[in-house]
Amino acid sequence: MDDFQIDARRWRFLDNPDRYIERETSGLQVEPLRRQFKTAKNILERLADGRGVLLADDAGLGKTTVGALVAWIVTCQNKRVRIYAPNAILRRRWAEELERHVPLLKRLGGTYDSIRNECIRQGEVERLRNGSIQIATHHALVKSHGNNEQRTACDLIILDEAHRAKGDDSDFNKALRNLGRHAKRKLILTATPFSIRLAELEQLLQVVGASDLKAVSQYAKDLKRLYELGDGHDVATETRCIEDAAKAAIDKLGKYVIRHWIDDLSPAERKHFGAIGEPWKIGPTQASPEDIKLLLRMDRLLQLAPDREGQRRNDPRFHIGWGRVEAELEAVQKFAAADLVLRRHLGEARKSLDVRRKQPHPKIAAVSDAIRQKLDVGEKVLVFCHHRATASELLSELEKSLKANEPCFGPTEEMWREAWESLLAVEKIWPDEKERPLSYGALLKPVIGWLCTKGLRRQVAGWLGKPTTSAKALADQLSMTKPRRADVEGVPTIAEAARMLVKALLDKQSKSTLALLRNIAKGTPGFGGKGSHFPGRLDEGLRVMGSWDHDGHGESPETLYTGQADIVIALFNSPFGPDVLVATDRLSEGVDLHRFCRCLIHYELDPSPVRTLQRNGRVRRIGSWAATTKKPILYAYPTFNGTRDEKAADVMQRRIKAFGLLLGGVPSLDDETGDNDQSFADEVLRLASKKLKSLNSKLCA
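Residues numbered from 1 in each chain as written. Predicted model: local features only at pLDDT ≥ 70, side-chain atom pairs only at ≥ 80, totals over all residues. Heavy atoms only, no water.

> Would you take a moment to explain the overall build of the chain for this structure?
Along the chain, the regular secondary structure elements total 29 helices and 13 strands. Across the chain, contacts joining residues at least 24 apart in sequence account for 76% of those joining residues at least 6 apart. Of the roughly 30000 Å² of accessible surface on the chain, a fraction of 48% belongs to carbon and sulfur atoms. (Helix = DSSP H or I, 4+ residues; strand = E, 2+ residues; numbered from the N terminus. Contact = heavy atoms within 4.5 Å. Areas by Shrake-Rupley, 256 points an atom, 1.4 Å probe, with all protein chains shown as cover.)

Set out below in structure tokens:
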């Protein structure tokens, strides 16, 4: 018997977001919250009616906020809620989101201390008592698969980033199919509902209770067919087919799916995200005849290599850096002795590569020049790569080309230290004694030490203008001046930004950062036996840093940080520290990188448009730097013209335009459609766009 009953009177406050936040100080704003409250109310009504929900809002729209509200309302009715986040970083973000609502939810019957200490538990799956929340990871979900049902049971499961389900036989998929045994209701969150295989989409819908999915299946088939058609087919006929299929599918989806698009929000809410500017043009970078000859020779080499038979030869990585070319030459070297033709091609390719490696790859050089221009006007820049080796080559070159050589000027280190110590006193950051972290003084010491290093002094002094002659005057300057030459309303002062950074670094949920700060304070070795330090090496003029797990091949770039990314995210979300972050897709979903950055470069594309949109969502979020400064968000898709890289970027941008119309139902870059086929699909979607947008709006709360 289903005994999931919740009292609608307990969520009446969702009708009045203005009153909810009138006394709050945690950054909630009425306009986004108005839609989020409406969405939460809609979800609760569906849960009460016996249905699960797939919340598929665009990246950056605050699905975590909605999920946290739903979790608290259900929990405060003496029920059990379990939240599954993809990783430890997002698990911490869920805890932060839940905690910031605690002071505002006293009307539901809880106090700050009791809810915080008894309800928010991070760790492995364990038996829950009534009125509690547990936050675990996808890994914990897999581990719990097959466990005693009583131990893992709960009233509501919230599954974040559900599109990560890959492969019918994966452990995650098996655990996902088993969710029905563990919870009475399910809420699934993903920004990309359709850009996964149909079987995976159907599985997600089945998890939330959908059963009649024939129309959804037909829509997916029609989308796939659209990209397989070309000249000789009637555009008008195919347009009607897509429109009819979309209507039938959305009629079925509407019972279980809620989705909002940023560009369809009201102007009042959309302003909190920032506008997207014209594409950021980088280059042009044109491949020379010798470059093309090397690429063609690589294709021939890999045709001749026996162990490459049946494998892809036209590797996209050949077009964006020289590292992958060199790695493949090493791999085929073992066959050279037995094959004269292969040996000749290998020798010519090596000579050609040796010439090219004397200079950075042309695409890297163009990106470096473009980044430097942004740094000169005070911007931060985020760069994404798909592979770690590509990211490593790019980061190593940027370390050299973006090096700052300005001398450190202004107040002495002692004056800086005295000024920061006065501005970052514990009572100024945590007025409430109960909220202050333990060992505050010991943990703050390495933070102030970092702010007083030569590189940080040089950076901050560049924002201050005329140097001062006393610590008191310097503290006054830091309290009145805004960072990064952004003297506009809404931008915090340098002192305010430093306090926000300290709160982020000393957050009790970020255990990896706290451990790092303790190691720095004690002077104990950190990663790889080296001394622990903050990410980046600004003291040496290196204005860039990287964040990913090193693959162990070759030398690691000087500024690569391989530890937990919490501290990297905290620094990049402040005005301080390295100006450029090179990352892999480990940081492409679920994290905030938008507080002081509006410039994003897709140096290397993932084959799927899903990943591209997830990356874009890192800087287009509520309270973005673009919205605060009223400057546009800049996305760049630099290309090595004359090679496959140019076509790949063009196809990706066209498919991103189609993504919103089709709920993500576009093929990846790995398909073999030609230009004519793509053009035919583009024309059909152009004609159907008005109808499809109207249909999609039915999925809004």
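There is more to say, and it comes next.
> Even after reading the chapter, I still don't get unusual backbone geometry, so can you show me in this structure?
A negative phi angle characterises most non-glycine residues, just as the trans form characterises most peptide bonds. In the Ramachandran plot, asparagine 78 falls in the positive-phi region, its phi being about 65° despite a non-glycine side chain. In this structure, asparagine 78 sits in the loop between helix 3 (63-75) and strand 2 (80-85). When its relative accessible area of 51% is taken as the criterion, asparagine 78 is described as exposed. (Buried < 20%, exposed > 50% of the residue type's maximum accessible area, 1.4 Å probe, protein only.)

> Looking at this structure, how should I read the pairing of strand 11 (residues 580-583)?
Where a strand is regular, its side chains alternate between the two sheet faces. Neither face of strand 11 is left uncovered, since the one carrying Val580 and Val582 and the one carrying Leu581 and Ala583 both have all their residues buried. When strand 8 (residues 380-384) meets strand 11, the two strands line up parallel, connected through four bridges. Looking across to strand 11, one finds that leucine 382 is bridged to leucine 581. Of the strand pairs in this sheet, strand 9 (residues 544-547) and strand 11 are connected by four bridges, and their pairing is parallel. If you follow serine 547 over to strand 11, its bridge partner there is alanine 583. (Pairing = 2+ DSSP bridges.)

> Help me understand the sheet that holds strand 12 (residues 597-602) in this model?
Whenever strands of a sheet pair, they do so through backbone hydrogen bonds, lying parallel or antiparallel. Across the sheet, six strands lie side by side as 10-9-11-8-12-13; this open sheet has parallel pairing. Because the sheet does not close on itself, it has two edges, and the strands there are strand 10 (560-561) and strand 13 (634-636). Across the sheet, helix 16 (residues 362-375) touches strand 8, strand 11, strand 12 and strand 13, and the angle it forms with strand 8 is around 155°. Seen against the sheet, helix 26 (residues 609-616) touches strand 8, strand 12 and strand 13 and runs at an angle of roughly 160° to strand 12. (Axes fitted to C-alpha atoms, helices over the stretch in contact; angles between N-to-C directions.)

> Explain the environment of glutamate 290 here, please?
With respect to the helices, strands and loops of the structure, glutamate 290 is situated in helix 13 (residues 289-304). Spatially, the C-alpha atoms of glutamate 290 and arginine 356 are 9.6 Å apart, while their sequence positions differ by 66 residues. Those residues in contact with glutamate 290 that sit more than four places away from it in its chain are Ser352 and Arg356.

> Sorry if this is basic, but what is going on with the packing of aromatic side chains here?
Given two aromatic rings, one states the distance between the centres and the angle between the planes to describe the pair. By the definition in use, this model includes six aromatic pairs. Judged by centre distance (6.0 Å) and plane angle (90°), the ring pair of phenylalanine 13 and phenylalanine 37 falls under edge-to-face. You can see phenylalanine 13 sitting in the segment before helix 1 (17-20) and its partner phenylalanine 37 sitting in helix 2 (residues 30-48), a full 24 residues away along the chain. The exposure class of phenylalanine 13 is buried, given its relative accessible area of 9%. Phenylalanine 37 gets classed as buried once you look at its relative accessible area, which sits at 0%. Lying over the aromatic face of tyrosine 603, lysine 363 brings its terminal NZ or CZ to 4.6 Å of the ring centre. If you follow lysine 374 out to its NZ or CZ, it ends over the ring of tryptophan 280, 5.3 Å from the centre. (Phe/Tyr/Trp six-rings, centres within 6.5 Å; stacked < 30°, edge-to-face > 60°. Lys NZ or Arg CZ within 6 Å of the ring centre and 35° of its normal.)

> Teacher, can you tell me more about the packing of helix 18 (residues 413-423) against helix 22 (residues 471-480) here?
For any two helices packed against each other, one specifies the inter-axial angle together with the distance between the axes. Interhelical geometry of helix 18 versus helix 22 gives an angle of 55° and a closest axis separation of 8 Å. Relative to helix 22, the element helix 18 lies oblique. In the packing of helix 18 onto helix 22, the handedness of the crossing is right-handed. Across the interface between the two elements, Met415, Trp416, Glu418, Ala419, Trp420, Ser422 and Leu423 from helix 18 touch Ala471, Leu474, Ala475, Leu478 and Ser479 from helix 22. Among the residues making up the contact of helix 18 with helix 22, the classes are represented as nine nonpolar, two polar and one charged. (Parallel < 35°, antiparallel > 145°, perpendicular 65-115°, else oblique. Left-handed = near helix turned anticlockwise from the far one by under 90°. Nonpolar A, V, L, I, M, F, W, Y, C, P; charged D, E, K, R; others polar.)

> What exactly am I supposed to notice about the nonpolar core here?
The nonpolar side chains of a soluble globular protein tend to be buried with one another. Counting residues in each nonpolar core, the largest one holds 107 residues, and the members touching the most others are Trp420, Leu424, Leu478 and Phe576. Take this core: its biggest share by element is eight residues, from helix 3. Beyond its immediate stretch of four places on either side in the chain, tryptophan 420 contacts Ile448, Leu451, Cys452, Leu478, Ile494, Ala498 and Phe576. (Core = buried A, V, L, I, M, F, W, Y, C linked by side-chain atoms within 4.5 Å.)

> Just checking my understanding: could you explain the pattern of salt bridges for this structure?
Side-chain pairs of opposite charge can arise where the charged atoms are in close proximity. Within the structure shown, the criterion is met by 45 salt bridges. The residue lysine 41 makes a salt bridge to aspartate 15 at a minimum N-O spacing of 2.8 Å. Of this pair, lysine 41 sits in helix 2 while aspartate 15 sits in the segment before helix 1, placing them 26 residues apart in sequence. In this structure lysine 41 comes out as partly exposed when scored by relative accessible area, which is 26%. (Salt bridge = Lys/Arg side-chain N within 4 Å of Asp/Glu carboxyl O.)

> I would appreciate a short explanation of helix 14 (residues 323-332) in the present structure.
Since there are 3.6 residues in each turn of an α-helix, residues three or four apart along the chain are aligned in direction. For helix 14, the full list of buried residues reads Val325, Glu328, Leu329 and Val332. Here the buried residues of helix 14 occupy an arc of 105° about the axis, which is enough to place them on one side. Tucked inside the fold, the buried residues of helix 14 contact helix 13 and helix 15 (340-356). (Arc of directions from axis to C-beta.)

> Which parts of the structure should I look at to understand the pairing of strand 8?
Most of strand 8 is tucked away: five of the five residues are buried. Of the two faces of strand 8, both are covered, the one formed by Lys380, Leu382 and Phe384 as well as the one formed by Val381 and Val383. Examined bridge by bridge, strand 8 and strand 12 share five bridges and lie parallel to one another. Following the sheet pairing, lysine 380 is matched in strand 12 by cysteine 597.

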